[in-house]
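# Observations on the model geometry
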Amino acid sequence: MRVEFPEFGRIVVDGKVYEGDIVIYPSGKIEERKKWLSKNKHGTSHKLDPDELREYLTEDFDVLLVGTGAWGKLSLLPESRELVANKEVIEKPTGEAVELFNGLWGKRKVLAIFHVTC
């Protein structure tokens, strides 16, 4: 699997363009981020709420990789971080997170959440 972040608002996975936030599971399944779960609670989707994160904890993983956006606006809330306290958690601006994902994929079980705007 190969991921690219060519521009603000878009992410490309194996040639398929997504124009919104996505989640990539260790199995390779890709789905739209359920950011409304965080937005409804906090008024913004830039705070990753535990209720939203729980939605993605359906497969075993070693690393939670969060692409925080072009300018790093998305962050895990402390309560969300507690849910994955026994896992490695990496938060990086999306461009850097994509590069890291490409290096980790196939070597470790990665659960990736990519924010593609701010």
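Just so we're clear, the structure is a prediction, and the values are computed from it rather than from any experiment.

Another point: the pattern of salt bridges. Tallied over the full model, the rule gives 14 salt bridges. One salt bridge connects Arg33 with Glu52, and the closest N-O pair in it is separated by 2.6 Å. Here Arg33 is found in the loop between strand S5 (30–32) and helix H1 (36–42), whereas its partner Glu52 is found in helix H2 (residues 50–56), with 19 residues between them in sequence. Look at Glu52 and you get buried, because its relative accessible area is 0%. The closest approach of N and O atoms between Glu55 and Lys34, which form a salt bridge, is 3.1 Å. Note that Glu55 is positioned in helix H2 and Lys34 in the loop between S5 and H1, a separation of 21 residues in sequence. We classify Glu55 as partly exposed; its relative accessible area is 36%.

Before going further, it helps to spend a moment on the sheet that holds strand S1 (residues 3–7). Judged by pairing direction, the sheet is antiparallel, and its three strands sit side by side in the order S1-S2-S3 without closing on themselves. Each end of this open sheet is capped by a strand with a single partner; those strands are S1 and strand S3 (16–18). If you compare each strand with its neighbour and ignore which way they point, the axes differ by 30° on average. Pairing analysis gives three bridges linking strand S2 (residues 10–13) to S3, with the strands arranged antiparallel. Bridge pairing links Ile11 to Tyr18 in S3.

At Asp14, a position not held by glycine, the phi torsion is positive, near 50°. Inspection of the secondary structure puts Asp14 in the loop between S2 and S3. Among the residues examined, Asp14 registers a relative accessible area of 52% and is labelled exposed.

Let us look at the pairing of S2. Where a strand is regular, its side chains alternate between the two sheet faces. Bridging between S1 and S2 involves three bridges; their strand directions are antiparallel. Bridge assignment links Glu7 to a residue of S2, and that residue is Arg10. From the end of S1 to the start of S2, which pair antiparallel, there are two residues, and Gly9 there has a positive phi angle of about 90°. Linking S2 back to S3 in an antiparallel pair, the connection comprises two residues, with Asp14 at a positive phi of about 50°.

Right, let's get into the environment of Phe101. Here Phe101 is to be found in helix H4 (residues 94–104). As a C-alpha pair, Phe101 and Met1 span 100 residues in sequence and 9.4 Å in three-dimensional space. In this structure Phe101 touches Met1, Val3, Ile24, Leu65, Val110, Ala112 and Phe114, once residues within four positions along its chain are discounted.

With mixed pairing, the five strands of this open sheet are ordered in space as S5-S4-S10-S7-S9. In the strand order of this sheet, the two ends are held by S5 and strand S9 (88–92), each with one partner. Taking the axes of each pair of neighbouring strands and ignoring which way they run, one obtains an average angle of 15° across the sheet. Across five bridges, strand S7 (residues 63–67) lies against strand S10 (residues 110–114) in parallel orientation. Across the sheet, residue Leu65 finds its bridge partner in S10, namely Ala112.

Cut-offs applied
- Residues numbered from 1 in each chain as written.
- Predicted model: local features only at pLDDT ≥ 70, side-chain atom pairs only at ≥ 80, totals over all residues.
- Heavy atoms only, no water.
- Salt bridge = Lys/Arg side-chain N within 4 Å of Asp/Glu carboxyl O.
- Helix = DSSP H or I, 4+ residues; strand = E, 2+ residues; numbered from the N terminus.
- Buried < 20%, exposed > 50% of the residue type's maximum accessible area, 1.4 Å probe, protein only.
- Pairing = 2+ DSSP bridges.
- Axes fitted to C-alpha atoms, helices over the stretch in contact; angles between N-to-C directions.
- Contact = heavy atoms within 4.5 Å.

Function cannot be read off these values alone, since they describe shape.
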